[in-house]
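Coordinate inspection notes
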Amino acid sequence: MARVAVIGAGAIGGTIAAWLAQSHDVTLCARSPLDDLAVETPEGLIRATPLVLTDPAAAQPVDWVLAATKTYDAAGAAAWLPGLMAPTTRLAVLQNGVEHRARFRGLVPDAHVLPAIVDIPAERHAPGRILQRRNGTILVPEGVAGEGFAALFVDTPIAVSTTADFTTAAWRKLAINCAGIVNALTLRTAEVARDEAVADVIRALVLECCAVGRAEGADMPDSVADAVVAQNRAADGASMNSLHADRVAGRPMELDARNGVIVRLGEHHGIATPMNRALAALLAAAAG
């Protein structure tokens, strides 16, 4: 049994904390108190009563810390680290984007940080009450840390695997995520990609992502753009990505991690990214 702290009680953090609490000693680091977690999963309803902390000063060292906050709240997650991290503690960063290590650089040695790509469709309907639509997957770099992380999930239906090329995997996930700005702007779900003119906009966004990803060392052929369009067209017409959901709910959005990073790294490499720049500016203005 491992000692695991999950930072963030949203849809992903709550789901993972509930599953891990079935077989591990779990602490949930949250903004507000929770009595328990109830997650409606494809396997049925699961409940968990992890130790819930709301004050970083009360944190104690654990074996693993899983940062599952939104990317823009990395500073909030960092406030928990002094109490949770021991010399041997690993930090798994379960966030969007391609800058997992950079968000915690200077706080945790790079060698102790494990970036993770999470694909677990889940929605939080109330504090501690979550709908998990699919068992989902988590992808981490291969190696001792990746294998140790995967071992945490052996008693859960969440499939954790490792990859020798995490850079490519992260940029391919970003290619999917950067297209979500179209949904957030139009306030339409994945079905909007069936409009050919909109599909062209998605392709342009993703092609810019591919160009910057290649400069960062990822294997990103231009064919990824058509694949993203096809994936959107094949998706459940009612599906709503998190950027869209956050705008509808009036929450902050992960614009920088999804589109701003493409613009910033594009500038670094001398690659123009006008579509990502323009749509990010429009969405920021539309959201006020």
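Residues numbered from 1 in each chain as written. Predicted model: local features only at pLDDT ≥ 70, side-chain atom pairs only at ≥ 80, totals over all residues. Heavy atoms only, no water.

The next subject is helix α9 (residues 242-249). Looking only at α9, the buried set comprises Leu 243, His 244 and Asp 246. Along the axis of α9, the buried residues cluster in a sector spanning 165 degrees; they form a single face. Summarising the contacts, the buried residues of α9 are in contact with α6 (180-186), α10 (255-269) and α11 (274-286). The N-cap of α9, judged by a side-chain oxygen 3.0 Å from the amide nitrogen of Leu 243 a few residues on, is Asn 241. Downstream of α9 by a residue or two, Gly 250 has a phi angle that is positive, lying close to 75 degrees. (Buried < 20%, exposed > 50% of the residue type's maximum accessible area, 1.4 Å probe, protein only. Helix = DSSP H or I, 4+ residues; strand = E, 2+ residues; numbered from the N terminus. Arc of directions from axis to C-beta. Contact = heavy atoms within 4.5 Å. Polar contact = N/O pair within 3.5 Å; in protein donor to acceptor, adjacent residues only side chain to side chain.)

Looking now at the pairing of strand β11 (residues 137-141). In this structure, strand β8 (residues 113-119) lies alongside β11, joined through three bridges in antiparallel fashion. Note that in β11 the partner of Asp 119 across the bridge is Thr 137. Where β11 meets strand β12 (residues 159-163), five bridges bridge the pair, whose relative direction is parallel. Across the sheet, residue Leu 139 finds its bridge partner in β12, namely Ser 161. Since β11 and β12 lie parallel, the crossover through helix α4 (residues 144-152) that links them has a hand, and here it is right-handed. (Pairing = 2+ DSSP bridges. Right-handed = clockwise from strand over helix to strand, strands pointing away.)

All quantities given are derived from atomic positions and should not be read as evidence of function.
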